[in-house]
Amino acid sequence: MSPLLTRRRARTPALTNDQVRATWQVASLLLDYPTDEQPIEVVATAVAALPAVVADPLGRFLEHRRSTPLGRLQADYVETFDTRRRCTLFLTYFLHGDTRKRGMALLRFKQAYLAAGLDLDDAELPDHLAVVLEFAATSDLEAGRRLLLDHRASLELLRLSLADTGSPWADLVVAVCAGLPPVEGEDRELVRRLAAAGPPDEEVGLTPYGEPGFDAALTDPTYRLPPPGAPVDLGLPLMPPGLSRSTATRTGRGA
């Protein structure tokens, strides 16, 4: 075996499907808006059972989570994910920005959830990384993995952007990526182009990307927004007891 192949295998040890599910489930919870209701100690127990390639970065973030006051964490979360375009958790935004093409990309996520028997509401866009990870971990691993692989360049650009700013949340994306193949070929070139140019800026005829309803009406003639103020069931699967994502409402969402 060549030295190159030996180094590559050592750098990206394979995870079992159960380890991937556990890693993505933990990352889904920790990538959500931080609240005092998140079961951090239960998460820490789950992380301790994982291999070092994911337990180490997850453990580093947990140390930061435990040692940082909640108010500071919340402010940092909003500053990181809701005001920086290159650090958004919405995977389709990196490639499509606020353009008409994003509507079709978002619809594909919605259709994947519907195929698994899940009905989405407008509480969160379907391409939010925490939602995709929860779907993969608790409902359909292969369908969730395909969605992440289709947006592998976006995920890598998010990791690089967080690392460049020294964000502790970079460790969570590192752990997520450990369950995927490394970035190569066309995806690597796409990362380079996206890093240089940033997301497209067209905004004609679109709902802002962080607002309910996105632009599915442009691509799905059967789509109807609920009446104003009407409650809608999210329908996503819940995690096992103690590991559900927070349902807290976030403020300050921006592009």
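Before any of the text, the structure's been laid out above.
These remarks concern the structure in this document. Note that the structure is a prediction, hence the values are computed from the model and not measured.

1. Focus: the overall build of the chain
On a plain count of helices and strands, the chain comes out with 12 helices and 0 strands. When the helices and strands of the chain are listed from N to C terminus, the series reads α-α-α-α-α-α-α-α-α-α-α-α. Buried positions account for 49% of the 255 residues belonging to the chain. Of all intrachain contacts in the chain linking residues separated by at least 6 positions in sequence, the fraction that spans at least 24 positions is 74%. Accessible area of the chain: about 12,400 Å², with a carbon and sulfur share of 54%.

2. Thoughts on the packing of aromatic side chains
Summed over the entire model, instances satisfying the criterion amount to 6 aromatic pairs. With a centroid separation of 5.6 Å and 75° between ring planes, the pair formed by Y77 and W169 is classed as edge-to-face. Here the residue Y77 occupies a position in helix α5 (residues 70-81), and W169 occupies one in the loop between α10 (152-164) and α11 (170-177), the gap between them amounting to 92 residues. A relative accessible area of 1% means that W169 is categorised as buried. Among the aromatic residues, ring-to-ring pairing joins Y33, F61, Y77, F81 and W169 into one connected group.

3. What about the environment of V53?
Inspection of the secondary structure assignment puts V53 in helix α4 (residues 52-67). Along the chain, V53 and L15 lie 38 residues apart, while their C-alpha atoms are 9.1 Å from each other.

4. Some thoughts on the environment of D76
Its place among the elements puts D76 in helix α5. With 92 residues separating them in the primary sequence, D76 and P168 have C-alpha atoms 9.9 Å apart. Those residues in contact with D76 that sit more than four places away from it in its chain are P168 and W169.

5. Considerations on the environment of L29
Among the structural elements, L29 can be located in helix α2 (residues 17-30). By relative accessible area, L29 is classed as buried at 0%. Taking the C-alpha atoms as reference points, L29 and V131, 102 residues apart in sequence, are found 9.3 Å from one another.

6. Focus on the nonpolar core
Residues W24, L30, L31, Y113, L129 and W169 are the most contacted members of the largest nonpolar core, which totals 56 residues. The dominant element in this core, judged by the number of residues it contributes, is helix α8 (residues 129-138), at 8 residues. The contacts of L30, once residues within four sequence positions are left out, are I40, V43, F61, L62, W169 and L172.

7. Considerations on the packing of helix α3 (residues 40-48) against α4
The N-to-C vectors of α3 and α4 enclose an angle of 160°; their axes lie 10 Å apart at closest approach. One way to sum up the angle between α3 and α4 is to call them roughly antiparallel. As for how α3 packs across α4, the hand of that crossing is left-handed. Residue-level contacts link I40, E41, V43, A44 and V47 of α3 to A55, L58, G59, L62, R65 and R66 of α4. Classifying every residue of the contact of α3 with α4 by side-chain character gives 7 nonpolar, 1 polar and 3 charged.

8. Notes on α4
Between its terminal C-alpha atoms α4 stretches 22 Å, which fits the 22 Å expected from 16 residues at 1.5 Å a residue. Taken together, the buried positions of α4 are V54, A55, P57, L58, G59, F61, L62 and R65. Packing partners of the buried residues in α4 comprise α2, α3, α5 and α11.

9. Quick word on the pattern of salt bridges
The tally for this structure, following the rule as stated, stands at 8 salt bridges. Among the ionic pairs, R152 bridges to E156, the shortest N-O distance being 3.7 Å. Note that R152 and E156 are positioned in helix α10 at a spacing of 4 residues, about one turn of the helix. Accessibility classification places R152 together with E156 in one group, the buried group. For E156, the salt bridge goes to R159, with nearest N and O atoms at 2.6 Å. With E156 and R159 both in helix α10, this residue pair falls 3 residues apart, about one helical turn. Of the residues examined, E156 reaches a relative accessible area of 12% and is grouped as buried. Residue class for R159 comes out partly exposed when judged on its relative accessible area of 23%. When salt bridges that share partners are traced, they join R152, E156 and R159 into one network.

About the cut-offs
Residues numbered from 1 in each chain as written. Predicted model: local features only at pLDDT ≥ 70, side-chain atom pairs only at ≥ 80, totals over all residues. Heavy atoms only, no water. Helix = DSSP H or I, 4+ residues; strand = E, 2+ residues; numbered from the N terminus. Buried < 20%, exposed > 50% of the residue type's maximum accessible area, 1.4 Å probe, protein only. Contact = heavy atoms within 4.5 Å. Areas by Shrake-Rupley, 256 points an atom, 1.4 Å probe, with all protein chains shown as cover. Phe/Tyr/Trp six-rings, centres within 6.5 Å; stacked < 30°, edge-to-face > 60°. Core = buried A, V, L, I, M, F, W, Y, C linked by side-chain atoms within 4.5 Å. Axes fitted to C-alpha atoms, helices over the stretch in contact; angles between N-to-C directions. Parallel < 35°, antiparallel > 145°, perpendicular 65-115°, else oblique. Left-handed = near helix turned anticlockwise from the far one by under 90°. Nonpolar A, V, L, I, M, F, W, Y, C, P; charged D, E, K, R; others polar. Expected span 1.5 Å × (residues − 1). Salt bridge = Lys/Arg side-chain N within 4 Å of Asp/Glu carboxyl O.

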